[in-house]
Each structure stands twice: as C-alpha cells, then as structure tokens.
Amino acid sequence: MKARIIVTLKTGVLDPQGKAIEAALSSFGISGVEGVRQGKVFDVEIADTDAASAETTLKSACEKLLANTVVENYEIEIV
C-alpha cells in the first residue's frame, strides 16, 4: 500500500526557509510571489492491506519521527 504524508508548519510559526525561498525567487526575477511556506512530503510504501491499520501505523510514524507536532501539522493520504 502506498501513502503520502505532507508535513507543514502550523499557522503562526515563523518560516525562515520560506522567507529565504521567497527572496531567492525575487532575486531570480520571478515576480508576483507574495509568500512561501516550505514543508516536507514523504512517499511511503507500507506492507499492509488494510487502510485503517496502515493509517494507524503512519500516524505513529508521524507522531514519533516525521513531524514535530509542537510546530508542524501532518496529513496522511492513502494513494
């Protein structure tokens, strides 16, 4: 089974990397970009055939390793 996990910073958390990307885009002459927030995407293959069980396993992975839940949100998509 395949899944995609998207990790993003929570609203209100400063994103210095996003600001740096925004500035770099401007320096390359790319205009009109009003804001950038960076995140992480994990494509995971899991040896499970039950979607609910797979989601439980992936939630545990997010809580323990993939996301810092103090400042990040995560979303799990079974694909």
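Thresholds, definitions, all that
Residues numbered from 1 in each chain as written. Predicted model: local features only at pLDDT ≥ 70, side-chain atom pairs only at ≥ 80, totals over all residues. Heavy atoms only, no water. UniProt positions renumbered as here; feature names shortened; annotations may be inferred. Helix = DSSP H or I, 4+ residues; strand = E, 2+ residues; numbered from the N terminus. Buried < 20%, exposed > 50% of the residue type's maximum accessible area, 1.4 Å probe, protein only. Contact = heavy atoms within 4.5 Å. Salt bridge = Lys/Arg side-chain N within 4 Å of Asp/Glu carboxyl O.

An unreviewed UniProt entry annotates the chain as Phosphoribosylformylglycinamidine synthase subunit PurS of Methylobacterium marchantiae. For the chain, the Sequence similarities (unreviewed entry) comment in UniProt is given as "Belongs to the PurS family."

Next up on the list: the environment of lysine 2. You can see lysine 2 is positioned in strand 1 (residues 2–9). On the accessibility criterion, lysine 2 (48% relative accessible area) is partly exposed. A C-alpha to C-alpha distance of 38 Å links lysine 2 and glycine 29, two positions 27 residues apart in sequence. In this structure lysine 2 touches Val44, Glu45, Glu77, Ile78 and Val79, once residues within four positions along its chain are discounted.

On to the pattern of salt bridges, then. The final tally for this structure, using the stated rule, is 3 salt bridges. A salt bridge links arginine 4 to aspartate 43, with the shortest nitrogen-to-oxygen separation between them at 2.6 Å. Taken together, the residues span a long stretch of sequence, with arginine 4 in strand 1 and aspartate 43 in strand 2 (residues 39–45) at a distance of 39 residues. Given a relative accessible area of 35%, arginine 4 falls into the partly exposed group. The exposure class assigned to aspartate 43 is exposed, which follows from its relative accessible area of 55%.

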